[in-house]
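Remarks on the overall topology
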Amino acid sequence: MPHPETWLKVLPNGLFCEPGGFYIDPMRPVDRAVITHGHSDHARPGHRAVLATADTLAVMRARLGDGAGQSQQALGWHEPITMGEVRVWLSPAGHVLGSAQVAMEYQGSRAVVSGDYKRVPDPTCAAFEPVPCDVFVTEATFALPVFVHPPPEDEIRRLLDSVALFPARTHVVGCYSLGKCQRVIALLRQAGWDRPIWLHGALIAMCEVYRQRGVELGELRPATGAAKAELVGAIVLAPPSAVADRWARRLEDPVVAAASGWMRVRQRAKSRGVELPLVISDHADWNELNTTLDDVGAPEVWVTHGREEALIHAAAQRGIRGRALRLLGYGEEDEAEAA
């Protein structure tokens, strides 16, 4: 039985499955790409043939247009396909709409590439499913013990408590357009907020994609052009960059909030003028990463990007071999979100 390191290789274009003839989330245009999810550091334009979930392909078409792949093939959950000599299937990753893990079997050995993932429930996407394997290829965005995310419901309650405390102010929440925005909306709805939620123009198109794919978000209104008086006591969602610029000045005495795992770092929140940091992350925290290593039962873990050393050390303490792939280019959207 060949070890995955003999057939799953790190090349300049990214992670390449040699007997299958395809890349996973390649950095540059390639002939055959399997894409885990629609964020721009994983779903790049210009590939000749793209395989992904139907939801991810919808996201890619909305974001990349003709660059989403000359040919596109949608694969359902757990639906096996043979690519070259490799059996491939997709399992939910729980990161954003359509996010998938890529499972590969070749001559009796199995490797699973997680893409980005989280383990807490999310009403806007399918929940992560552990897939037993010989090698687990994981992210490590928040792989430090300091990163233990609170329940997202508690963070949303903090937001609603602030709205009740300051009814004459507008609460503007910085959140990324794909995944975080829709999740915050869904969490607000679950918490009983049935009033309209106002959106910066840059967030509207992706919310429409979610709606077309069956994720109900309630009443949404464009904030751009709205009268200041309309937004008093309202919740407005906007890209983090817009919260920090002139756009936010149109709001009535805004309470500036930001929804991100990076809000655990108080200095980050303070330096960006965030009055109400909300620790809501679409990535696994330290505990979830370690739980996942135990759940998949792989004797070996490869880390694509993030805080590799800490996770590899923690894995070694449990007899799991570790390897840092140090793939450049991943995590760029996370840094953009934090900024």
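Everything discussed here concerns the structure shown above.
To start, this report covers the structure provided alongside it. Every value quoted in this text rests on a predicted model; they were computed, and no experiment measured them. Numbering of residues begins from 1 in every chain and follows the order in which that chain's sequence is written. With pLDDT at 70 or above as the cut-off, local features in this predicted model cover only qualifying residues; side-chain atom pairs require 80 or more to be listed or tallied, and sums for whole chains, interfaces and linings still use all residues. As a rule here, side-chain values come from all non-hydrogen atoms in the structure, and water together with hydrogens is ignored.

This next bit is on the overall build of the protein. Only DSSP runs of H or I with at least four residues qualify as helices, and only runs of E with at least two residues qualify as strands; both kinds are numbered from the N terminus onward. Within the protein one finds nine helices and 19 strands. Computed over C-alpha atoms, the radius of gyration of the protein comes to 20 Å, within 12% of the 20 Å expected from 2.2 N^0.38 for 339 residues, which places it in the range of a compact globule. Principal axes of the C-alpha set define a box for the protein whose edges measure 65 × 45 × 30 Å. Accessible area is worked out with a 1.4 Å probe on protein chains only. A residue is then buried under 20% of its type maximum, exposed over 50%, and partly exposed in between. Sorting the 339 residues of the protein into buried and exposed places 58% on the buried side. Note on contacts: a residue pair is in contact if any heavy atoms of the two residues lie within 4.5 Å. In the protein, 60% of the contacts between residues at least 6 apart in sequence involve partners at least 24 apart. We compute the radius of gyration over the C-alpha atoms and compare it with the globule rule, which gives 2.2 Å times the number of residues raised to the power 0.38.

What follows covers the pattern of salt bridges. Any Lys or Arg side-chain nitrogen found within 4 Å of a carboxyl oxygen on Asp or Glu counts as a salt bridge. In the structure shown here, the tally under the stated rule is 18 salt bridges. In this structure, Arg157 engages Asp161 in a salt bridge whose closest nitrogen and oxygen atoms are separated by 3.7 Å. Residue Arg157 and its partner Asp161 are both found in helix α2 (residues 152-165); the two are separated by four residues, about one turn of the helix. For Arg157, a relative accessible area of 40% corresponds to the partly exposed category. For Asp253, the salt bridge goes to Arg169, with nearest N and O atoms at 3.2 Å. Pair noted here: Asp253 is in the loop between α5 (240-243) and β16 (255-259) and Arg169 is in the loop between α2 and β12 (171-174), with a separation of 84 residues, a long-range link. We classify Asp253 as partly exposed; its relative accessible area is 46%. Three or more residues are tied together by salt bridges with common partners; here these are Lys118, Asp122, Arg183 and Asp282.

With that settled, the discussion passes to the sheet that holds strand β17 (residues 276-278). When DSSP locates at least two bridges between a pair of strands, those strands are taken to pair. Taking strand neighbours across the sheet as the criterion, the six strands line up as β14-β13-β15-β12-β16-β17 in an open arrangement whose pairing is parallel. Each end of this open sheet is capped by a strand with a single partner; those strands are β14 (220-222) and β17. Geometrically, the sheet is characterised by an average inter-axis angle of 30° between neighbouring strands, direction not taken into account. A fitted line through C-alpha atoms represents every axis, and for helices the fit uses only the stretch in contact; the resulting angles, taken between N-to-C directions, go from 0 to 180 degrees. Contacts from helix α3 (residues 180-190) reach β13 (197-199), β14, β15 (235-238) and β16, with the element oriented near 170° to β13.

Of all seven residues making up strand β9 (residues 100-106), six are buried, and the element is well covered by its neighbours. Judged from the six bridges that link them, strand β8 (residues 86-92) and β9 form a sheet pairing that is antiparallel. The residue of β9 that forms the bridge with Trp89 is Ala103. Taking the residues between adjacent antiparallel strands as the criterion, β9 and strand β10 (residues 109-113) are bridged by two residues, where Gln107 takes a positive phi near 50°.

Below, the discussion takes up the sheet that holds strand β18 (residues 300-306). If you walk across this open sheet you meet the seven strands as β7-β8-β9-β10-β11-β18-β19, and the pairing is mixed. Of all strands in the sheet, those with a lone pairing partner are β7 (81-83) and β19 (321-324), marking the two edges. Across the sheet, the axes of successive neighbouring strands diverge by a mean angle of 25°, strand direction being ignored. In this sheet, β10 lies alongside β9 in antiparallel orientation, the contact comprising five bridges. Residue pairing across strands places Val102 opposite Val113, the latter belonging to β10. Helix α7 (residues 286-296) rests against β11 (135-140) and β18 of the sheet, and its axis sits at about 170° to β11.

Attention now moves to α2. For a helix, the expected span equals 1.5 Å multiplied by the number of residues minus one. In a regular helix each residue adds 1.5 Å, so 14 residues correspond to 20 Å; α2 covers 20 Å between its end C-alpha atoms and thus fits that length. Those residues of α2 that sit buried are Pro152, Glu155, Ile156, Leu159, Leu160, Ser162 and Val163. Projected onto a plane normal to the axis of α2, the buried residues spread over an arc of 155° and lie on a single side. Among the exposed residues of α2, those oriented more than 90 degrees off its buried face are Ala164 and Leu165. The reported arc concerns the directions from the helix axis to the C-beta atoms and nothing else.

Of all 11 residues that make up α3, nine are buried, and the element is covered over most of its length. Turning to α3, its buried residues are Lys180, Cys181, Gln182, Arg183, Val184, Ile185, Ala186, Leu187 and Leu188. Where α3 terminates, the next one or two residues include Gly192, which has phi positive at roughly 100°.

By convention a nonpolar core is built from buried Ala, Val, Leu, Ile, Met, Phe, Trp, Tyr and Cys residues, the set being connected through side-chain atoms within 4.5 Å. Counting 36 residues, the largest nonpolar core has Ile185, Leu188, Leu199, Ile235 and Leu237 as the members making the most contacts within it. Excluding residues that lie within four positions of it along the chain, Leu188 makes contacts with Ile156, Leu159, Leu160, Trp193, Ile197 and Ile235. Within the second largest apolar cluster, 27 residues are counted, among which are Val34, Tyr106, Leu325 and Tyr330.

Only Phe, Tyr and Trp rings are paired, with Trp represented by its six-membered ring, and only when their centres lie within 6.5 Å; those with planes under 30 degrees apart are stacked, over 60 edge-to-face, the remainder tilted. Evaluated as defined, the whole model comprises seven aromatic pairs. Aromatic side chains Phe147 and Trp262 sit 5.8 Å apart centroid to centroid with 85° between the ring planes, which places their arrangement in the edge-to-face category. In this pair, Phe147 is assigned in the loop between β11 and α2 and Trp262 in the loop between β16 and α6 (266-271), connecting sequence segments 115 residues apart. This pair shows no difference in class: Phe147 is buried, exactly as Trp262 is. Of the aromatic side chains, those joined through ring pairs into one cluster are Tyr117, Phe128 and Phe136.

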